[in-house]
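Secondary and tertiary structure notes
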Amino acid sequence: MNTNKLTSKEEQKTSMSKSKKLMLRFKNFIGLIISNKAAFVGLIIVMLIVIVAILNSIFGKLMLPYDPFTGDLSKSLQSPSSAHFFGTDEQGRDIFSRVIDGTKISLRVGVISVAIALSLGTVVGSVCGYFGGKLDMFLMRIMDIVLAFPSLLLAIAFMSALGKGLDKAVIAISIVTIPEYARIVRGCVLSVRESEYVQAAKAIGNNEFAIIFKHVLPNILSPIIVRATLGVSGAILDAAALGFLGLGVQPPLAEWGTMLGAGRSYFFNAPYIILFPGLAITITVLAFNLFGDGLRDALDPKLNA
Amino acid sequence: MLLDIKNLKTEFKTKKGIVAAVNGVDFSVDKGEVVAIVGESGSGKSVTSLSLMRLLAKTDKTKVTGEALFKGENLLDKSEKEMQKMRGKQLSMIFQEPMTSLNPVFTIGRQISEAVIKHDGATKKAARERSIEMLRLVGIPSPETRIDNYPHQLSGGMRQRVMIAMALSCSPELLIADEPTTALDVTIQAQILELMLELKEKLGTAILLITHDLGVVAEVADKVVVMYCGKVVEKAAVLDIFRDPKHPYTIGLLNSIPKIDENEERLFIIPGTVPNPLNLPSGCAFRDRCPNCLEKCKTCEPPLINLGEREVRCFLYEKENEANG
């Protein structure tokens, strides 16, 4: 009984120290991000964007000053004022409300398409890198073919096959970005595959699946995370481009690129119609890029020592 | 007999031709015995061990033939699945470089537990207990706290101890140690060797020790297999090798060890270099470097000649054998 108690206490101790250690690592990590000013600014903006998107998803129109979808035609094309911070568009809709409402759409497109491309790319890249041979040749040549097209052109081609709309934009963007992740993962897997700890893992009887997912992938996580963060901004930009071309998110939904496309004919008399959605895109992309760069430094083991 | 290797051949296809890294090797390991394979770089020691573990990459460029009977079953005939069940459980391996042979992202406890969970079906808790026990066995102080350390928090010697704990956690019958002490400094080397011997006594594990260090051999081995250019050139009990080396290569190796009581200006070296495996000389592979090269050595390859308790691949002992026989 006594020993039992002791061991359970001991266990508590070790689990305590484990969570403490995790906390310490998290603190170190945040410290590193904060010490890099650009990354810190990026992190703050990214967090703000995420919070806005989440609040907007929960409260909907309640948190916006105006309904983003129904306008008052008598108030169309108004300049920014205290009533309408960013002015109104050709249908008299409040641009501020629409830009805020567009945040969740852009973020969703960015995150979901990266998640799809990342998971498929990781599978393709790790299988190619680990097993090599003819399968590697075959899959990587397909990836090369995809890479040979400018990604936006290919996405447009996919959209014309799939049809218009938000979901289809997400699918098109993920397909054209799979090779980027596959290449990065394959390269990293190649460098880790030959390491002695992978040999040692084989020598205690692990199968290929366990070696790839338990020994190889955790070791190459940081470059993948960095690439994915930077990938979010790329996906947001692609989605905006598709929206601008009228292929992505359809009006009246307030996607930033779609807003740019719809407002471009009013550019000369009401530049604010496209100024603010454009700024939103720029700031979001910049924030993700800054954060991604900071993440790369923070996850670099040489700087972390 | 635990392991009986017969005519093991490992060939690699390269652009310039076929390289036989291991070219017809025979030797055996008994239960609880320490057998050392000695030879310089490129003599095929490590390839022999990797062939046994079936850890060479499976491509059409690698060909392993012969027999490696482990408790009567040929390892070379086993499927990959069967091998996965045997690796770690029945035969285990430790590597040369303890600094890189542990996975940097996991705690050592998790890495030792892995094999126990996989082969013995232990629960996480039981595996942790077992890991602590193993760490204590290999002489790591306060294993209860050390178990949650990451590899970078340990010194090289400690890491090699962890590697040994990992390899022995499922009590395998054969441990293949590929230059386990090469990357360690001399005092730690002695400790690790002592530990391996101690564990051999306790657990009854046979050890196949691969090394180029004759000092290590003298300390731990029961039997010695000297390899040169993928072939066994001499096989004997450890005392016989040191007291009375037969093959000119073995003699050369022993002479190259600096002696503390001699005050020589230059160390002895075996003249020449290991021949290119793509372009081995005709006859004996060692003939260009051999001080006692006969006319016969240039044309015929000497067979392994049985001298009672030992074997040697050299024509110099041919007559002796006939006289004996």
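Not measured: the values here are computed from a predicted model. (Residues numbered from 1 in each chain as written. Chains lettered and ligands numbered in written order. Predicted model: local features only at pLDDT ≥ 70, side-chain atom pairs only at ≥ 80, totals over all residues.)

1. Details of the overall build of chain A
- In terms of helices and strands, chain A carries 12 helices and 0 strands.
- Starting at the N terminus and ending at the C terminus, chain A contains elements arranged as α-α-α-α-α-α-α-α-α-α-α-α.
- Taken along its principal axes, the extent of the C-alpha atoms in chain A is 80 × 55 × 35 Å.
- Here chain A holds 305 residues, and 42% of them are scored as buried.
- Across chain A, the fraction of contacts at a sequence separation of at least 24, relative to all contacts at a separation of at least 6, is 68%. (Helix = DSSP H or I, 4+ residues; strand = E, 2+ residues; numbered from the N terminus. Buried ≥ 20, exposed ≤ 12 C-beta atoms within 10 Å, placed from the backbone. Contact = placed C-beta atoms within 7 Å.)

2. Points about the packing of helix H3 (residues 108-120) of chain B against helix H4 (residues 124-137) of chain B
Residue and element names in this part refer to chain B.
- Contact geometry for H3 and H4: axes closest at 8 Å, N-to-C directions at 115 degrees. Crossing handedness for the pair H3 and H4: right-handed. Residue-level contacts link Gly-109, Ile-112, Ser-113, Val-116 and Ile-117 of H3 to Lys-124, Ala-127, Arg-128, Arg-130, Ser-131 and Met-134 of H4.
- Of the residues in the contact of H3 with H4, the class split is 5 nonpolar, 3 polar and 3 charged. (Axes fitted to C-alpha atoms, helices over the stretch in contact; angles between N-to-C directions. Left-handed = near helix turned anticlockwise from the far one by under 90°. Nonpolar A, V, L, I, M, F, W, Y, C, P; charged D, E, K, R; others polar.)

3. Concerning the sheet that holds strand S2 (residues 17-29) of chain B
All names here are of chain B.
- Ordered in space as S2-S1-S4-S5, the 4 strands form an open sheet in which the pairing is antiparallel. A strand with exactly one partner marks an edge of an open sheet, and here the two such strands are S2 and strand S5 (73-74).
- Relative to strand S4 (residues 62-70), strand S1 (residues 3-14) is paired through 8 bridges, and the arrangement is antiparallel. In the sheet register, Lys-6 faces S4, and the bridge partner there is Glu-67.
- In the packing of helix H1 (residues 45-53) onto the sheet, contacts are made with S1, S2 and S4, and the angle to S2 comes to roughly 75 degrees. (Pairing = 2+ DSSP bridges.)

4. Concerning the nonpolar core
- Grouped together as the largest cluster of nonpolar side chains are 161 residues, with contacts concentrated most on Ala169(A), Ala36(B) and Leu209(B).
- When residues of this core are assigned to their parent elements, the largest contribution, 14 residues, is made by helix H6 (residues 166-193) of chain A. (Core = buried A, V, L, I, M, F, W, Y, C linked by C-beta atoms within 7 Å.)

5. Observations concerning the sheet that holds strand S11 (residues 305-307) of chain B
All names here are of chain B.
- Spatially, the 8 strands line up as an open sheet ordered S6-S7-S8-S3-S9-S10-S12-S11, and their pairing is mixed. Lying at the two open borders of the sheet, with one neighbouring strand each, are strand S6 (91-94) and S11. Strand-to-strand twist of the sheet, defined as the mean angle between neighbouring strand axes without regard to direction, takes the value 20 degrees.
- Here strand S3 (residues 34-38) runs beside strand S8 (residues 206-211); their pairing, made up of 5 bridges, is parallel. From the neighbouring strand, Val-34 faces S8, where its bridge partner is Ile-207.
- On the sheet, H1 packs against S3, S6, strand S7 (174-178), S8 and strand S9 (223-228) and is oriented at approximately 145 degrees with respect to S7.

6. A look at helix H10 (residues 256-263) of chain A
Residues and elements named next belong to chain A.
- Judged by how many residues are buried, H10 sits mostly within the fold: 8 of 8 residues are covered.
- Residues Trp-256, Gly-257, Thr-258, Met-259, Leu-260, Gly-261, Ala-262 and Gly-263 constitute the buried set of H10.
- Contacts made by the buried residues of H10 are with helix H3 (95-131), helix H9 (221-244) and helix H11 (272-299).

7. Focus: helix H7 (residues 196-203) of chain A
- Here H7(A) lies mainly inside the structure; 6 of its 8 residues are buried.
- Where the residues of H7(A) are buried, they touch H6 and helix H8 (208-216) of chain A together with H1 and S6 of chain B.

8. Description of the confidence of the model for chain B
All names here are of chain B.
- With 98% of its residues at a pLDDT of 70 or more, chain B has an overall mean of 88.
- The secondary-structure element of chain B with the lowest mean pLDDT is helix H11 (residues 318-324), recorded at 62, while S3 shows the highest, at 94.
- Scoring of the predicted complex yields 0.79 for pTM and 0.81 for ipTM. (pLDDT = per-residue confidence, 0-100.)

9. A look at the pairing of S6(B)
All names here are of chain B.
- Neither face of S6 is exposed, since Leu-91 and Met-93 on one face and Ser-92 and Ile-94 on the opposite face are all buried.
- Relative to S7, S6 is paired through 4 bridges, and the arrangement is parallel. Across the sheet, Ile-94 pairs through a bridge with Ala-177, a residue of S7.

10. Digging into the interface of chain B and chain A
- The interface of chain B with chain A comprises 24 residues on the first partner and 18 residues on the second.
- Looking at the side of chain B that touches chain A, the elements that each hand over two or more residues are helix H2 (80-86), S6 and H3 of chain B.
- It is H3(B) that provides the largest number of residues to the side of chain B that touches chain A, a total of 4 residues.
- Grouping the constituent residues of the side of chain B that touches chain A by class yields 9 nonpolar, 7 polar and 8 charged.

11. Considerations on the environment of Ile274(A)
Residue and element names in this part refer to chain A.
- As for its placement among the helices and strands, Ile-274 is situated in helix H11.
- The exposure class assigned to Ile-274 is buried, which follows from the 22 C-beta atoms found within 10 Å.
- On a C-alpha basis, the gap between Ile-274 and Lys-37 in space is 30 Å, while along the polypeptide they are 237 residues apart.
- Beyond its immediate stretch of four places on either side in the chain, Ile-274 contacts Leu-260, Gly-263, Arg-264 and Phe-267.

12. Overview of the environment of Leu154(B)
Residue and element names in this part refer to chain B.
- Examined against the element boundaries, Leu-154 turns out to sit in the loop between helix H5 (143-146) and helix H6 (156-168).
- Judged by local crowding, Leu-154 falls into the partly exposed class, with 19 C-beta atoms found within 10 Å.
- For the pair Leu-154 and Asp-261, spaced 107 residues apart in sequence, the C-alpha separation works out to 37 Å.
- If sequence neighbours within four positions are ignored, Leu-154 has contacts with Asn-149, Arg-159 and Val-162.

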